[in-house]
Structure formats: C-alpha cells, structure tokens
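# Structure assessment
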Amino acid sequence: MISDKPVIFVASSTERLPVARAIAEALAEPAEWTVRVWDSEFAFSAVYIESLEKALDTADFAVVVMTGDDLANKRGVQVVLPRDNVIFELGLFIGRIGRERCTFFVEHDSSTQIASDLSGVKAAEYWPPEQMTRRVRPGLAERARELKKRIREQLAQHGTRYRPDGDERRRQQQRWQFLRRIEGLWWERMRDGDDDQSALSLVTIGLDPVTNGAVLRGDAYDLDGGRLAEWQADAALQLDDPPTLHYRWQGFHESARGAAIAGQGQVSFDSREAPSSGRGWYYDIRVAEIQGGHAPVREKGVRMRRLDEAEAATMRDPFSAAAQALVKQRIADLRFR
C-alpha cells in the first residue's frame, strides 16, 4: 500500500552519491515527507529499469544531481557532461511526475553543460564548501532550504500526487481499452412489456479522459418516432464478466423542459473483446413528483445494439428525414431484442 506521506527521490551518478546523500540529509523532514536516495532503492534482483519504474510509481518530487562526470568532444570543443543514466532518470521523472516537481542540482564552476531542453526545469546551482560564502555563494544546505520552501508551497496548493502502482495502472489501461471498444452510437430499446411513452433511445457513449470513465448522452423517441426527451449520464465501469456500466442520469422531456427527470441504471455487454450488444435496466423519477423525499419510481428493462456504419452515417444528422425514417424503422424492428 502506498503511503499518503509525500516522497522525494534524490538521484545521482555513483561518483556524486556523497552529494546526493548530503542533499537528502538537508531535505529531511520526517514529519512532513520521506526522502530516498536512488542507490538505496535499487533492487539487485531486478533489472535497472524495473527498479526505476518502481521509484517512479511512488515519487512526488525528484532531485537529480547533474554535475558533470564525463568529458566529451562537442564540435571540436571539450565539454563536461552529466552521466547518461542521470539524464535518463531525470527525463523519466519529468515524464511521470511533471517538470514542476523536478529539480536538478549542479555545482558552480564545474563547467557542466546542461542541455537546452532542460531550461524549463528548476535548477539549483551550489558552491562546494571550500568556495562557499553566505548569501553570495550558497551551498547545498541553503539550496535545500529554498527547495523545501517550494515543496511546501506545491503541497499546500496541489497536495500529494496521485500515485497508482503498476497493478492499478494495468487495471486502468484495461478499463480504458474496453471503453474505447464501446465508444460510439448505440440503439437502446425497451424490452417488450416495459414501454409506456418512450420506445427507443439513440445513445452516444464517449470517454472522459479525466475520470477514465464513460459519458453517455441519449435522445429518446416515442412510439411514433417523435423526439421525446434528452438525457445524459456519467458512468463507472465494472470490468467483470460481463463488463457492466453503472450510470446516474438526468434529463428533460421536449414538451416540458422545466420538468426534470432523473434516475440510475446499468447495462452489461455481451463481450469484453468485441462488444456489440448489451442488456440492462434503468429507473426514472420525475423530480416534480418528489414529496417528503419520496417519489414514484418506474423501472424499465432495456437492450442495446451498436449502430452499423450505414445507420451511424444516417444518424449524424438526427433531424434529417432519413434519420427520422430510420428511427421509425428501428422502433418497429425488434430483431435486436
């Protein structure tokens, strides 16, 4: 289980580990957050990249020591560069937790050449102890105090980062993949015996990239094919067997736009890999009928079928004569019940 306490990772090359440990010691605030030096997190039984991915799963902030260790010839000029793996680690942290949560330390007068691509990442230039003077030449401790202030400001404004572990990310990926499979246009038809006024809905299933859930929008038609109501819903996916959407909806009738209707429902799909139909139920409540916290509830069973390409092309203009004719045809056609 991942702790709610923020985690700060400090990474460096092997040669700069004393600097990394000094930064970690200066950043230490056990009551507020946990500081971890990268070498102490390396699992020798796992490959390097797997260990680094585990660190990325739990990090809220990252500090990387970028002081150069390698000499290189660049366009005929000898330069000092950070170690390749250090640049790689900083890039991974930026990609996972965001550049605003990443900082790199570099020693002044080390002639380290920093890539221009990192100009948007906060840099902390420090002087070694033998060159340090208060204020004018701040050392590691002073830069660490400044960093702690920024971290506190970020935590006050944004809190800890959402840190799903590898298993949860895989589950999220599976949910997202299934939602992509059901994205699009569907017919929703009431089962025989459940009809009162509405007979058919054209349902659009879309994705909400923020919640990793589904968004539903429906246009309901009466028994004669006339437009009866509009509704919309946010849905949560339960990726079981069968996969099921649970949704809470609200809408209004075309003839009485001030008369709100609402309810809940669910639909289970026929396949996880290639869903083409579904069945379920929903109930509706007319808000104006609520008295003392109670109102009459009407529960209705439904079946759903995905529109084929020709139907989808026709329904892109739902007010056209062709769309209205198709709706009437589908109300009469019970082949997908």
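Residues numbered from 1 in each chain as written. Predicted model: local features only at pLDDT ≥ 70, side-chain atom pairs only at ≥ 80, totals over all residues. Heavy atoms only, no water.

## Observations regarding unusual backbone geometry
Cis geometry marks the peptide bond from Asp-241 to Pro-242; its omega dihedral reads 10 degrees. Positionally, Pro-242 belongs in the loop between β11 (227–238) and β12 (244–253). (Helix = DSSP H or I, 4+ residues; strand = E, 2+ residues; numbered from the N terminus.)

## Topic: the environment of Val-121
With respect to the helices and strands, the residue Val-121 is situated in the loop between β6 (102–107) and β7 (122–126). Using a relative accessible area of 7% as the deciding quantity, one classes Val-121 as buried. A sequence separation of 18 residues divides Val-121 from Thr-103, and the C-alpha atoms of the two residues are 6.3 Å apart. Apart from the residues within four sequence positions on either side, Val-121 is in contact with Ile-94, Arg-99, Cys-102, Thr-103 and Phe-104. (Buried < 20%, exposed > 50% of the residue type's maximum accessible area, 1.4 Å probe, protein only. Contact = heavy atoms within 4.5 Å.)

## Focus on the sheet that holds β7
The five strands are arranged β2-β1-β3-β6-β7 in an open sheet whose pairing can be described as parallel. Each edge of the open sheet carries a strand with a single partner, namely β2 (34–37) and β7. With direction set aside, neighbouring strand axes in the sheet form an average angle of 20 degrees. Of the pairings in the sheet, the one linking strand β1 (residues 7–11) to strand β3 (residues 61–65) comprises four bridges and is parallel in character. Among the inter-strand pairings, Ala-11 is bridged to a residue of β3, identified as Val-64. (Pairing = 2+ DSSP bridges. Axes fitted to C-alpha atoms, helices over the stretch in contact; angles between N-to-C directions.)

## A short note on the pattern of salt bridges
Applying the stated criterion across every chain yields a total of 21 salt bridges. One salt bridge connects Arg-163 with Asp-60, and the closest N-O pair in it is separated by 2.8 Å. Taken together, the positions of Arg-163 in the loop between α5 (140–158) and α6 (166–182) and Asp-60 in the loop between α3 (48–58) and β3 put the pair 103 residues apart, joining distant regions of the chain. With respect to burial, Arg-163 and Asp-60 carry one shared label: buried. The salt bridge partner of Arg-181 is Glu-273, with a shortest N-O separation of 3.7 Å. Separated by 92 residues along the polypeptide, Arg-181 in helix α6 and Glu-273 in the loop between β13 (256–269) and β14 (277–286) bring together distant segments of the chain. Residue classification places Arg-181 among the partly exposed residues on the basis of a relative accessible area of 28%. Glu-273 gets classed as exposed once you look at its relative accessible area, which sits at 56%. (Salt bridge = Lys/Arg side-chain N within 4 Å of Asp/Glu carboxyl O.)

Just geometry here; none of it tells us what the structure is for.
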